[in-house]
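Residue strings, one per chain:
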Amino acid sequence: MSFSTFSEFLAMGHHGPYVWSAYGISLLVLALNLWLPVLARRNYLQDEARRLRREEQK
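Here's what I pulled together on the structure shown here. Numbering of residues starts from 1 in every chain and runs along the sequence as written. Per-residue local features of the predicted model are confined to residues with pLDDT of at least 70, and side-chain atom pairs are confined, for both listing and counting, to 80 or more; whole-chain, interface and lining totals are unaffected and use all residues. The side-chain numbers reported here are obtained from all heavy atoms of the structure, hydrogens and water having been left aside.

**Quick look at the overall build of the chain**
A helix here means a DSSP run of H or I that spans at least four residues, while a strand means a run of E at least two residues long, and both kinds are numbered starting from the N terminus. In terms of regular secondary structure, the chain is built from two helices and zero strands. As a reference, a globule follows 2.2 Å times the number of residues to the power 0.38, and the radius of gyration itself is taken over C-alpha atoms. Taking 2.2 N^0.38 as the reference for a compact globule, 58 residues should give roughly 10 Å; the C-alpha atoms of the chain span a radius of gyration of 23 Å, well beyond that estimate. Along the longest, intermediate and shortest principal axes, the C-alpha atoms of the chain span 75 × 15 × 15 Å. Across the 58 residues of the chain, 3% fall into the buried class. A total of about 5,400 Å² of accessible surface is found on the chain, and carbon and sulfur atoms cover 65% of it. Accessibility here uses a 1.4 Å probe with only protein chains present; expressed as a share of the type maximum, an area under 20% marks a residue as buried, one over 50% as exposed, and anything in between as partly exposed. Reported accessibility uses the Shrake-Rupley method at a 1.4 Å probe radius. Residues are deemed covered only where the shown protein chains occlude them.

**Points about the environment of Leu36**
Locating Leu36 in the fold gives a position in helix α2 (residues 16–57). The partly exposed category is assigned to Leu36, whose relative accessible area is 42%. Separated by 16 residues in sequence, Leu36 and Trp20 place their C-alpha atoms 24 Å apart.

**Looking at a nonpolar patch on the surface**
Any residue with relative accessible area above 30% and no salt bridge may belong to a patch, with like charges joined within 9 Å and the nonpolar Val, Leu, Ile, Met, Phe, Trp and Tyr side chains within 5 Å. Put simply, a salt bridge is a Lys or Arg side-chain nitrogen that is within 4 Å of an Asp or Glu carboxyl oxygen. On the surface, Phe6, Phe9, Leu10, Trp20 and Tyr23 cluster together into a nonpolar patch covering about 520 Å² of accessible area. Of all the secondary-structure elements, those providing two or more residues to the nonpolar patch are α1 (6–11) and α2. A total of three residues in the nonpolar patch trace back to one element, the largest contributor, which is α1. Along the chain, Tyr23 turns up in helix α2.

Structure follows, in structure tokens:
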């Protein structure tokens, strides 16, 4: 399938909303798969640092 103009490419033969929303959802899922473990690790390290400080004070 070839497109003669950029607007035809974006329209994807009248399937543009489906195609581009599928790409958007896929990119969102990939971004979350990268971001959530980083966030969880940071929270874990902060909790452990807090726990260690409490234990040192006892």
